[in-house]
Amino acid sequence: MAQFTRVSGSVGLITLQNPPVNALSAAVRQGIIDTVQRSLSDPKVKSVVICGQNGIFCGGADIKEFGSDMRGPPLVPMIHTIEAAHKPVVAAIEGIALGGGLELALGCHYRIAHSKARLGLPEVTLGLLPAAGGSQRLPRLIGVPAALNLITTGRHVTAAEALQLGIVDVVTDHNTVDAAVKFALSAAGETGQPLDARRISTHPCPRPSDLDALFEEVMHKVRQSARGAIAPVACVQAVRAAATLPYTQGMEREKELMATLFTSGQARALQYCFFSQRAVGRWSMPSGACWDTSKPRPVHKAAVIGLGTMGRGITVALAQTGLSVVAVETQEKQLVEAKQAVSGMLQRGAKRHGVAPALDKISYSQDIQAVADVDLVIEAVFEDMALKKKIFQQLSAVCKPGTFLCSNTSGLDVDHLASQTRNPELVVGMHFFAPAHVMKLLEVVYGPRSSPQAVATAMQLGKKMGKVSVAVGNCRGFVGNRMLKPYMEQALFLLEEGATPELVDRALEEFGFAMGVFRMSDLSGLDVGWRVRKADGLVEPGTASGQSARIRQGRRYSPLGDLLCEQGRFGQKTGRGWYQYDKPGSRVARADPWLHGFLEEYRARHGLVARQIHHQEVLERCLYALINEGFRILEDGIAAGPEDIDTIYVFGYSWPRHRGGPMFYAAMVGLPKVLERLEHYHQAHPDVPYLQPCGLLRRLVASGSPPVQRWREVIKKLHSHL
Ligand code: 3H9
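Keep in mind that what you see is a predicted model, and the values were worked out from it rather than measured.

*Asks:* Help me out: how do you make sense of the nonpolar core in this one?
*Replies:* Nonpolar side chains in soluble globular proteins tend to end up buried together. The biggest cluster of nonpolar side chains holds 106 residues, and the ones touching the most others in it are V371, V504, W578, L623 and F631. Counting residues per element, this core draws most heavily on helix α24 (residues 615-635), which supplies 11 residues. Counting 72 residues, the second largest nonpolar core, distinct from the first, contains L16, I79, L102 and L128.

Here is the structure:
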């Protein structure tokens, strides 16, 4: 809806009304058309102001409408009518002007923004381009390079930057609507200033002298970082049309490009990601407790135990959030190093954001007693159950009553840790991802005894820290790492069967992962998994090269990673792993002839005949095994829905966002196909349980493969029958 009122005698004030962000739904578009017509035909109205209710201008097109058959008047002619108006139209921008919201403002003759407003064209993040004239008007207004930057990244700019770029005419600290009304009164009173000069579509687009070189360079950069996403490329093409074609032809090109993007699976995937990211905030537990009914407790002071890589990152993230932090490390040398590293990280972060570093927020101690008065503790020591158990016993004795005790374990049993404390209901997992002050994902792990308040508090703290927090159940590896296991296992089996790390990684990187599985393993260190496998009794010294090496605990096993570790090949940090590096710590991975020889010799020893392996097989075996485990996780109730898994994989495991996440991808491929391929591979490898299709997958296929948005219903039914 849009409301019309006449203010100050002669200003028609149009207020967009569609909470929470005044998105341009069909009703709002119709409302704008009606109220603009009324303003233009009413002789008492001399000028017009467009604003949004509740201090928010407009969040753009209504994304919820995209999936449906779109009705109502289209945006483009609506904005043209405003631009062509013979009375001055002023946009009063408070809160946000994003996407179609900014495009609407660009159709107005003047733009006044509040100093706290943010503006941007984020369509690219939804797999689209600014197709209500934004790709054609913005370059005309602010020049090609600046428009390319905003449109291809989708970044939001502050009002101050918008003023500097020339997107807005005035920035005010006062009431924006009042300022806009005043401005409109004077604009209407001005004589001899034709509005023509204010109609951006009539401006020529400034053409940089090196236009071709500029577009070539930007296109190259965009293709490199897009990892197969098509929207950023289309955005460049649209801006190029603005720079090289007359406006009307440019608009035709914008429309054509949008039509391709709109119907692409990528746009659907990215829009699904948008809603999934928000849906995970509405968490629930099997007990029925949920975000709506569980009140978090405020956390003012927190502690971090253990200042290794993870502990340091968590300390930085907490301090940057404004919390007081007690950072505890018992080893003196480690404490001194950590202090230096944390200060450095805080200073670099503060410099980037132009703020003061939060150094004084942190106090360091070697004594665990220092955490006595904190509201919440995050334990981040080595991944060793015995050590963690000891720390939880100590924390339970030292902390004031009611302190939440959290573990940054990446997969150990949270309930087992809870059982070491006097109040197991206060214990949850807070699984951060390295580097913890940068990575957006946080898995909040609840055990059977965790209280809803503990979960709510960890979820809220995560949100405050700027994380995308997902509540998950307690099992080995939780969601993310549990699914990684079959993925990694398939990659190793593929090496045994004839692939190389380069081949496997290339297939996965072409799919869109930032890094293939072996490059990732070299980066995070092969010794990490080795230590876990040793603790699990999977690594038997001296047997890794024997005949029984390929069977463990009754199932097929690949000892390849163990064999590399035995040789001290831990990855980047030792300069050798699945690849070779110029020196320890170097990031440039090169194929290693030694490793190829090692694989040949390994195959010969085990009577394995190398065969040619195609990219398709790499993708199917690695990804479908991972997806199959995702179905098991849903079946077990460890994740509440596919959106939770997909959000975890997009934010924590570099799953390409334009493919929605593993579960969304499975739905796009088609569940019957995923099932058929898993059956095929399981038949070929009956000793690999991870390839055996999960019951839930079969059930979904049997029930007609409903869209991913309806899986929760099927899962709910499944659980209610159990
Ligand atoms: C476009 O404009 C295309 C045009 O160029 C061309 C067309 C031809 N529509 O994020 P929050 C909902 S494409 C519908 O939690 P925040 C959101 O789902 C659009 N709903 O709050 C959530 O609902 P719920 C370009 C929307 O304060 C609620 O609002 N625009 C829309 O952290 C609160 O959202 C964008 O890409 C929408 N456009 O952040 C902007 N926007 O409570 C997308 C939000 O049921 N939006 N909702 O979960 C955002 O980036 C953030 O939501 C925003 C607020 C910054 C606005």
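Okay, back to it.
*Asks:* Just checking my understanding: could you explain the sheet that holds strand β4 (residues 89-93) for this structure?
*Replies:* Two modes of strand pairing occur in sheets, parallel and antiparallel, and in both the strands are linked by backbone hydrogen bonds. The sheet built from 6 strands is open, its strands ordered β1-β2-β3-β4-β6-β9 with mixed pairing. With one partner strand each, in any of the chains shown, β1 (2-7) and β9 (170-172) form the two edges of the open sheet. The average undirected angle you get between the axes of adjacent strands in this sheet is 20°. The pairing of β4 with strand β6 (residues 110-114) spans 4 bridges and is parallel. Bridge assignment links A91 to a residue of β6, and that residue is R111. Packed onto the sheet, helix α1 (residues 26-41) meets β1, β2 (11-16) and β3 (47-52) and runs at close to 25° relative to β1.

*Asks:* Is there a simple way to think about the site of the ligand in this case?
*Replies:* The full set close to the ligand counts 27 residues, and A61, G100, E103, E123 and R278 are the nearest of them. In the environment of the ligand, a nitrogen atom lies 2.9 Å from a nitrogen or oxygen atom belonging to the backbone of G59. Between A61 and the ligand, the recorded distance is 2.9 Å, taken from a backbone N or O atom to a nitrogen atom. Within the complex, 73% of the 1,000 Å² of free accessible area of the ligand lies under protein. Only α2 (63-66), β5 (96-98), α4 (100-107) and α12 (265-279) provide two or more residues apiece to the shell around the ligand.

*Asks:* Please clarify how the packing of α12 against helix α25 (residues 642-652) should be interpreted in this entry.
*Replies:* Pairs of packed helices are described in terms of their axes, by the angle between the two and the distance that separates them. Viewed as axis vectors pointing N to C, α12 and α25 meet at an angle of 105°, and their least axial separation amounts to 9 Å. Classified by the angle between their axes, α12 and α25 sit roughly perpendicular to one another. Mapping the contact onto sequence places Y272, C273, S276 and Q277 in α12 and P642, E643, D646, T647, V650 and F651 in α25. Residue composition of the contact of α12 with α25, grouped by class: 5 nonpolar, 3 polar and 2 charged.

*Asks:* I'm lost on the packing of aromatic side chains in this one. Help?
*Replies:* The description of two aromatic rings rests on the distance between their centres and on the angle between their planes. Within this structure, the stated rule accounts for 16 aromatic pairs. Consider the rings of F274 and F275, whose centres lie 5.1 Å apart with planes at 85°: the pair is edge-to-face. For F274, a relative accessible area of 22% gives the class partly exposed. Ring geometry for Y487 versus F513: centroids 5.9 Å apart, planes at 40°, classification tilted. Of this pair, Y487 sits in helix α18 (residues 480-497) while F513 sits in the loop between α19 (501-511) and α20 (517-524), placing them 26 residues apart in sequence. The pair Y487 / F513 is uniform in exposure class, with both members buried. Site record: aromatic cluster; members linked through ring pairs are Y487, F511, F513, W655 and Y665. Taking NZ or CZ as reference, R278 lies 3.7 Å from the ring centre of F274, over its face. Positioned above the aromatic ring of Y690 is the side chain of R555, whose terminal nitrogen or guanidinium carbon lies 5.0 Å from the ring centre.

*Asks:* Help me understand the packing of α18 against α24 in this model?
*Replies:* Running from amino to carboxyl end, α18 crosses α24 at an angle of 155°, the nearest separation of the two axes being 8 Å. On the basis of their axis angle, the class for α18 and α24 is roughly antiparallel. Both α18 and α24 take part in a crossing whose hand is right-handed. Taken together, the residues of α24 that come into contact with α18 (itself represented by R482, M483, P486, Y487, Q490, A491, F493, L494 and E497) are E617, V618, R621, C622, L623, A625, L626, E629, G630, R632 and I633.

*Asks:* Sorry if this is basic, but what is going on with the domain arrangement of the protein chain here?
*Replies:* Accessible area lost upon the coming together of the parts is a frequently used measure of interface size. Taken domain by domain, the protein chain comprises domain 1 (2-262), domain 2 (301-478), domain 3 (499-605) and domain 4 (615-721). Using only C-alpha atoms to locate each centre, domain 2 and domain 3 end up separated by 31 Å.

*Asks:* Is there a simple way to explain the pattern of salt bridges in this structure?
*Replies:* Pairs can form between side chains of opposite charge once their charged atoms are near each other. As enumerated under the stated definition, the model contains 37 salt bridges in all. Note that D373 and K301 form a salt bridge whose closest N and O atoms lie 3.2 Å from each other. You can see D373 sitting in the loop between β12 (362-365) and β13 (376-379) and its partner K301 sitting in strand β10 (residues 301-305), a full 72 residues away along the chain. Looking at D373, the relative accessible area reads 42%, which means it is partly exposed. Since its relative accessible area comes to 26%, K301 is described here as partly exposed. In this structure, R569 and D592 form a salt bridge, with 2.6 Å as the shortest nitrogen-oxygen distance. A residue pair is termed long-range when its members are at least 10 positions apart, and R569 in the loop between α22 (560-566) and α23 (593-605) and D592 in the loop between α22 and α23 qualify at 23 residues.

*Asks:* Help me understand the pairing of β10, please; the structure alone is not making it clear to me.
*Replies:* The two faces of a sheet get side chains in turn, since along a regular strand they alternate between them. Across the 5 residues of β10, 4 count as buried, placing the element largely inside the fold. In this sheet, strand β11 (residues 324-328) lies alongside β10 in parallel orientation, the contact comprising 5 bridges. Bridge pairing in β11 links A302 to V325. Regarding topology, helix α13 (residues 309-320) serves as the crossover connection from β10 to the parallel β11, and that connection is right-handed. Pairing analysis gives 4 bridges linking β10 to β13, with the strands arranged parallel. By the bridge assignment for β13, I305 is matched with E379.

*Asks:* It is not clear to me how the pairing of β4 should be interpreted in this structure. Could you clarify?
*Replies:* Burial runs high along β4: 5 of the 5 residues are buried. Residues V89, A91 and I93 line one face of β4 and the alternating positions V90 and A92 line the opposite face, and both faces are buried. Looking at chain direction, β3 and β4 are connected through 3 bridges and run parallel. Considered in β4, the bridge of V49 is made with V90.

*Asks:* I'm lost on the state of the cysteines in this one. Help?
*Replies:* Two cysteines form a disulfide when their sulfur atoms are joined by a covalent bond. Taken as a whole and assessed by the stated rule, the structure comprises 0 disulfides. In this model C399 remains outside any disulfide bridge; the closest cysteine sulfur is found in C406, 10 Å from its own.

*Asks:* What exactly am I supposed to notice about helix α11 (residues 247-262) here?
*Replies:* An α-helix turns once per 3.6 residues; consequently, residues spaced three or four apart project the same way. In this model α11 runs 22 Å from its N-terminal to its C-terminal C-alpha over 16 residues, within 8% of the 22 Å that 1.5 Å per residue would give. When α11 is considered as a whole, its buried residues turn out to be Y247, G250, M251, E254, L257, M258 and L261. Viewed along the axis of α11, the buried residues span an arc of 130°, placing them on a single side of the element. Opposite its buried face, α11 presents the exposed residues T248, K255 and T260, each directed more than 90 degrees away. At its buried positions, α11 is contacted by α3 (75-84), α5 (134-142), α10 (231-244) and α12.

*Asks:* How do you make sense of unusual backbone geometry when you look at a structure like this?
*Replies:* If a residue is not glycine, its phi is most likely negative; likewise, a peptide bond is most likely trans. In this structure, the amide linkage connecting P19 to the following residue, P20, adopts the cis form with an omega of 5°. Take P20: it is sitting in the loop between β2 and α1. A cis geometry characterises the amide bond from A434 onward to P435, with omega recorded as -10°. Its location among the elements puts P435 in the loop between β15 (427-432) and β16 (441-446). Backbone geometry at N22 places phi at a positive 55°, although glycine is not the residue there. With respect to the helices, strands and loops of the structure, N22 is situated in the loop between β2 and α1. Exposure remark for N22: the relative accessible area of 1% places this residue in the buried category. Non-glycine residue N54 carries a positive phi angle of around 60°. Counting through the fold element by element, N54 comes out in the loop between β3 and α2.

Parameters and conventions
- Along each chain, residues carry numbers from 1 onward, in the same order as the chain's sequence is written.
- Reporting in this predicted model follows two pLDDT cut-offs: at least 70 for local features of residues, and 80 or more for side-chain atom pairs to be given and counted; totals over whole chains, interfaces and linings ignore these cut-offs and use all residues.
- The side-chain values count all of the structure's non-hydrogen atoms but skip hydrogen atoms and water molecules.
- In plain words, nonpolar cores are sets of buried Ala, Val, Leu, Ile, Met, Phe, Trp, Tyr and Cys residues tied together by side-chain atoms within 4.5 Å.
- Using a 1.4 Å probe on the protein chains alone, a residue whose accessible area is under 20% of its type maximum counts as buried, one over 50% counts as exposed, and one in between counts as partly exposed.
- Strands here mean DSSP runs of E at least two residues long; helices mean DSSP runs of H or I at least four residues long; both are numbered from the N terminus.
- By the convention used here, strands pair only if DSSP detects at least 2 bridges between them.
- Angles run from 0 to 180 degrees between N-to-C directions of axes, and those axes are lines fitted to C-alpha atoms, restricted for helices to the stretch in contact.
- Should any heavy atoms of two residues lie within 4.5 Å, those residues are considered in contact.
- Residues are classed as near a molecule or strand on a simple rule: at least one heavy atom within 4 Å of it.
- Any N or O atom pair separated by 3.5 Å or less is treated as a polar contact, with the protein-specific requirement of one donor-capable and one acceptor-capable atom, and with residues adjacent in sequence counted only for side-chain atom pairs.
- Residue burial considers only the protein chains on display, and all accessible areas are found by Shrake-Rupley using a 1.4 Å probe.
- These descriptions rest on fixed angle ranges, namely under 35 degrees for roughly parallel, over 145 for roughly antiparallel, 65 to 115 for roughly perpendicular, and the rest for oblique.
- Side-chain classes follow a simple rule in which Ala, Val, Leu, Ile, Met, Phe, Trp, Tyr, Cys and Pro form the nonpolar group, Asp, Glu, Lys and Arg form the charged group, and the remainder, Gly included, forms the polar group.
- Pairing of aromatic rings covers Phe, Tyr and the six-membered ring of Trp, with a centre-to-centre limit of 6.5 Å; geometry is then stacked below 30 degrees between planes, edge-to-face above 60, and tilted otherwise.
- Criterion for a charge above a ring: Arg CZ or Lys NZ at most 6 Å from the ring centre, at most 35 degrees from the ring normal.
- In this scheme, a crossing is called left-handed if the near helix is turned counterclockwise away from the far one by less than a right angle; it is called right-handed if the turn is clockwise.
- Domain segmentation is taken from an automatic or database assignment of domains.
- Basic side-chain nitrogens of Lys or Arg form a salt bridge, by our definition, when they fall within 4 Å of a carboxyl oxygen of Asp or Glu.
- A clockwise course of the path from the first strand over the helix to the second, judged with the strands pointing away from the viewer, identifies a crossover as right-handed.
- By definition, disulfides here are pairs of cysteine sulfur atoms that lie within 2.5 Å.
- Helix span is expected to be 1.5 Å times the residue number reduced by one.
- Our arc is simply the arc of the directions from the helix axis toward the C-beta atoms.

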